[in-house]
Amino acid sequence: MFLLYFKTWRIPVLKICCVHFGYCVFKCVYFSVRHDIACHVTVCSFKMAAEDLPSQFDVVILGTGLTESVIAAACSRVGQSVLHLDRRNYYAGNWASFTFNGLLSWIEEYKNQQKVQITESEQVWRSLIDEGEDVVPLSSVDSSISNLEVFCYASEEEEKEEETKAPLTSCQPVNAETVSEETTGDSTEAQDTVTEPSQSQEEKDSQPISSPADPPVEVEKKITYQKLVKEGRRFNIDLVSKLMYSRGALVDLLIKSNVSRYAEFKNIGHILTCRNGKVEQVPCSRADVFASKQLTVVEKRMLMKFLTFCLDFEQHPEEYQDYTEKPFREFLKNKKLTENLQDFVLHSIAMVTQQTLTEEGLKATQHFLRCLGRYGNTPFLFPLYGLGEIPQCFCRMCAVFGGIYCLRHSVQCLVVDKASNKVKAVIDTRGQKISCSHFVVEDSYIRDEQRQSTAYRQISRAVLITDRSVLPSESDQQISLVTIPPLESSAPAVRMVELCSSSMTCMPGTYLVHLTCSSSGTAQEDLAPVVSELFHVSTIPGEEPSEGAEERSKPAVLWVMYFNMRDTSALDSSSYSLPSNVHVCTGPDGSLGSDCSIKLAESVFHHILPDEEFCPPAPNPEDIIYDGDGPQAEGPGFDESVNTEAEEEGAAHEKNPSTEPAEMDSVADTTPSSEE
Amino acid sequence: MHGRVKVKSTAQQEEEKRKEREKKLKAFVSARDAVLRKRSAGEHDEEALQLTQQLLSSNPDFATLWNYRREVLLQLETSREKDEVQKLYESELHFIEACLKVNPKSYGCWHHRSWVNTRLPQPDWTRELGLCDRCLSLDERNFHCWDYRRVVVKESGVSVEQELQFTDRLIGSNFSNYSSWHYRSTLLPQLHPQPAPDSIHSHRVCEEQLLKEYELAHNAFFTDPNDQSAWFYYRWLLGRGVCVCSLCLSQAQSEGLMLVLDGQPQQVEWRSTHPRLRHSPVWLCDLPPGSVSDISNEHNLTVHWTEKYTHRDCALYTGCAESWCRDSATDQELFRSELSVEKSSVLQAELQSCNQLLELEPQNKWCLLTIILLMRALDPLGHEKETLAHFQTLKEVDPMRSSYYSDLCSKFLIENTILKMEYAEVRVFSLSNKNLTTLCHLDQLLLVTHINLSSNQLLRLPPQFAMLQCLEVLEADDNAIESLEGLYHLPKLEEVSLRNNRILFAIQSKCFIRNPFSAFRASAWFDLVSRSQYSSLINSYRLCRIMEGQQI
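We now turn to the structure provided with this report. (Residues numbered from 1 in each chain as written. Chains lettered and ligands numbered in written order. Predicted model: local features only at pLDDT ≥ 70, side-chain atom pairs only at ≥ 80, totals over all residues. Heavy atoms only, no water.)

With respect to the sheet that holds strand S9 (residues 473-475) of chain B
Residues and elements named next belong to chain B.
Alright, step 1. The 4 strands are arranged S7-S8-S9-S10 in an open sheet whose pairing can be described as parallel. With partners counted over all chains shown, the strands left at the sheet margins are strand S7 (428-430) and strand S10 (495-497), one partner each. Shown here is a sheet whose adjacent strand axes are inclined to one another by a mean of 0°, direction ignored.
Alright, step 2. Relative to strand S8 (residues 450-452), S7 runs parallel, the two sharing 3 bridges. Residue serine 430 lies in a different strand from S8, and its bridge partner there is asparagine 452. (Pairing = 2+ DSSP bridges. Helix = DSSP H or I, 4+ residues; strand = E, 2+ residues; numbered from the N terminus. Axes fitted to C-alpha atoms, helices over the stretch in contact; angles between N-to-C directions.)

Some thoughts on helix H3 (residues 66-77) of chain A
Residue and element names in this part refer to chain A.
Alright, step 1. With 12 residues, H3 extends 16 Å between its outermost C-alpha atoms, agreeing within 8% with the 16 Å of an ideal straight helix rising 1.5 Å per residue.
Alright, step 2. Counting buried positions along H3 gives 12 out of 12 residues, so the element sits mostly inside the fold.
Alright, step 3. Buried within H3 are the following residues: Leu66, Thr67, Glu68, Ser69, Val70, Ile71, Ala72, Ala73, Ala74, Cys75, Ser76 and Arg77.
Alright, step 4. Just downstream of H3, glycine 79 is the residue with a positive phi angle, here 100°. (Expected span 1.5 Å × (residues − 1). Buried < 20%, exposed > 50% of the residue type's maximum accessible area, 1.4 Å probe, protein only.)

Let's talk about the packing of aromatic side chains
Alright, step 1. All chains considered together, the criterion is met by 36 aromatic pairs over all chains.
Alright, step 2. Where phenylalanine 290 of chain A meets phenylalanine 175 of chain B, the ring centres are 4.7 Å apart and the plane angle is 40°; that geometry is what we call tilted. With one member in each of two chains, phenylalanine 290 of chain A in helix H10 (residues 286-291) and phenylalanine 175 of chain B in the loop between helix H8 (160-173) and helix H9 (178-191) form a pair that bridges those chains. Side by side, phenylalanine 290 of chain A and phenylalanine 175 of chain B carry an identical accessibility label, which is buried.
Alright, step 3. Judged by centre distance (6.2 Å) and plane angle (45°), the ring pair of phenylalanine 309 of chain A and phenylalanine 331 of chain A falls under tilted. Within this pair, whereas phenylalanine 309 of chain A is found in helix H11 (residues 297-311), its partner phenylalanine 331 of chain A is found in helix H13 (residues 328-334), the two being separated by 22 residues in sequence. This pair shows no difference in class: phenylalanine 309 of chain A is buried, exactly as phenylalanine 331 of chain A is.
Alright, step 4. When the ring centre of phenylalanine 175 of chain B is taken as reference, the NZ or CZ atom of arginine 286 of chain A above it lies at 4.1 Å.
Alright, step 5. Over the ring of phenylalanine 166 of chain B we find arginine 149 of chain B, and its NZ or CZ is 3.5 Å from the ring centre. (Phe/Tyr/Trp six-rings, centres within 6.5 Å; stacked < 30°, edge-to-face > 60°. Lys NZ or Arg CZ within 6 Å of the ring centre and 35° of its normal.)

Let's talk about the interface of chain B and chain A
Alright, step 1. Listed per partner, the contact involves 28 residues of chain B and 22 residues of chain A.
Alright, step 2. A buried area of about 2200 Å², summed over both sides, lies between chain B and chain A, and 57% of it is on carbon and sulfur atoms.
Alright, step 3. Applying the counting rule to chain B against chain A returns 4 salt bridges.
Alright, step 4. Two residues, aspartate 227 of chain B and arginine 286 of chain A, come together in a salt bridge whose shortest N-O distance is 3.7 Å.
Alright, step 5. Linking chain B with chain A are 7 residue pairs in polar contact (both at pLDDT 80 or more).
Alright, step 6. The element that contributes the greatest number of residues to the side of chain B that touches chain A is helix H10 (residues 207-223) of chain B, accounting for 6 residues. (Contact = heavy atoms within 4.5 Å. Buried area = accessible area lost by both parts, 1.4 Å probe. Salt bridge = Lys/Arg side-chain N within 4 Å of Asp/Glu carboxyl O. Polar contact = N/O pair within 3.5 Å; in protein donor to acceptor, adjacent residues only side chain to side chain.)

Structural measurements only, silent on function.
Quick look at the structure:
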């Protein structure tokens, strides 16, 4: 089990090694490799000592989502002993990213879980409970995902060596064939065949990729389902689709804590919207407004004037005070913005609803604008290899400072001291009693009995693999954010993020599209209309591309998955009846940024340790003084072997940088660091 | 607390850094001394290259070392094959690139780079162009790089179209960039020259392209009206006729003027109106004694300006005391200088766009100023009221430059009054209570006999005031006049009123007391004015007036 974690740790290191920023970064990577050895040693030495975990921790954290991981890192950083568990066999919970095959396994798991009723055995741990102690059992079933549907439109045919090439002039949509994934279910051994996502990432990194230099002009070639599976390792499909506001809480935290060095980022190249069925660019920066061909000069002035006002709207209260109780939309009308501009500001810049009040709308606009220019002309960043990297980066920092990690390892119940009504220990799935002074847990582990209410909001999600970008432009390696205003005014606005292959989330020649909105029905009901408006979805198996030029210009959907995810972000401590030292972390929310989760993590941390700083910068490895108490001294025997292994890995990648797609050098140019 | 990572204190780090710096300095100084010794010993070898390389990579602004390097390279070049020379200089280019990373604005580096490219047997200009583009993407205003890029473009023969696209790209990414706008202004006339065969107009741009450029400028200043680069470009587009006149003015010296009286060339001495004026549009001479002695005779006067092969004639008829020949200021559109070239329909359309912007941004100074200039180009008298109102707003929104606006406003008011005066064909010039702060175009007032400048904010009567040679009555009450330099030798001045001023030196008063025994019996004034634009160089100088003054 622990060997597996070894591999996980090294993945981010390898990724950094593969991208050549120059000598500096290499040096830095080398140090972080060396630095990580400390944590490996801790884990290993403990493994040698006993199969059991230590019986005492300051903080036990259950769930490896973003909020939990940040809390883990923050606690560990200031010297708390942290045990971090997750019942799943992958990191990041509902924040995870999967390879295509990993996602298929995840779907299998979901289907099986729907069928199997798990009976829980309480007897094992009953004996561990003493007098004066009470027990709060935890849920062993994750019910946060629902309404999962999968459709495949890619051809199931075997890939032939000599393919008849489509004429160059037309981009032919794939020979479609509807395949229902449900039929392939019923596999009892699903639990065992689940691909460890991190493991397959590892493979991807170490195995030479068959055609890294293939130009993405392969559109003419049909992409079959077999091809998607074969190249599945190239995908990193997020369950949650979010971007990072470049001045948001997450980026600030990544910089402040130095965790940013474990990851790489890419700019969002296009901010788009969809009006009357046409995808077009949203002018949001000064340069965009200047270059925009859709706006008249007067509109340009009005928009710039409004945006400039929003930047420091607090200074001019007289401008909006009459509207504080009225919707933002009305304020925009009052500002004499044309319909066009109102839509841009409301849906694409502020990203708020028709009902949002003026002040909130202004704040949202301001936030967006302040993020411009920090890392290029758009306000967003996306982590290469998917959003699931971010929780893992924080877990890594936690481990660097001594945190202990166990996956596929959960807590059955909490042991509560009756007198103080505080948790004093937890009993893990192996029946070991581990005492702790604080317990942090993800919402999905809480049973309904502990909740005040079981009515939740839901997020509707769709994940699409397509063959082309929705906005053809000179550069096809751009990440785009598309906001789609609601078709009817009551419906929620849909947010779409289109990822290109250079974001390391999909195979060359394909695009990975995430759709998100707050649910009013099932995900399919909410999002299928948008999908059919923006994409070509073949209805009849083997359908020939229709003659209409309009259909041809739309990208074709190869594969699609719909699901609903529970949105618990509105809940707070009053929503649960739990002891006071149990801190519940809500899952991902429906918004574009992650500010909500980071703020929650910070508040939980301050609750646990009121006097400590939240994630102070990690010291430079050169400045750390190793003395007798240092972690290095604990396992001198291991030190050497691990060291050489890590160095060999690094060296191997130095020699063989071509394992990464060629475009990496040019696109991965953004790494958050302290203010540029 | 237990379990925390121990970190070195900042004092410790500081100390370490200080030691590090000291060590570096020591190494640098000793290497520098070694190199300078080698140079004075006349050694030109590989070792010298290496040593200078070490020094320059830490301090690329050490010009002496670059010079030494050039000496060494020239020496090495002589003893090598062509391939080796190519290699030698290519490695030099790599080295310079590294130095540019240290200081992208190092004069030495950029100069050395141009030099190396001239020495390279096969220079790779595409690579150099790429380097410039990379450099400019990091700092789009690095003028060293812009300069170098011009050289590269010239050498590599990049087409003008491509260069125009290059400026499109730069302006698109950030339009607050003079460099790219200016580069554009040099490219456009090359790429889209005006079809007219007139060679003088070769720097103009064809109409079709101009309309596109206007649109581009509109986009920029509607997006951000406070950004001046687009406004300057816009003014260049509108007023691109401005040219050579300043040069002509400086040439307007007395050399080359010849007076012919009744067909007889006369030997006369030309002088300007004021001893402090060396260059002047007005020149005087005394006619030789006796040449116009008989007032009953009719005289023909001709002034030739030999340099420009131009002349003006004038006849002094029997019984007349004075006579003149002048080109009208109105005919020549003398004062529409700045934006005069464009067709008025285009100017009208542009004025509309600017007014549209002004409605949205009533406080924008660039917009106000451009509107004023456009109005003057279109119809200075018709727009006078609006112009004055705009000036008022300008002074309020931009108090830092209120004096500039006042002077400009004074200039426009004087121009307008001159025009009105010419239309009315009078010799009385009244500009009282107009908040004038400065006097200009005084050469145009040569014939004025009465001038009223009361209740303004004038600080002085400048030396040019002496050009008002016909002035008889001067009223300048209620000003803030301190100096009366300009009241020099005004031969016909009879009345001066300077109540309520701040005159400093009584000494100057001697200038304006008319000397009744003034020696000259006949004088001639020639007014040589640089005519507005390139429109007609031939007609650009005029002979304003020849006058026969009968003194008592």
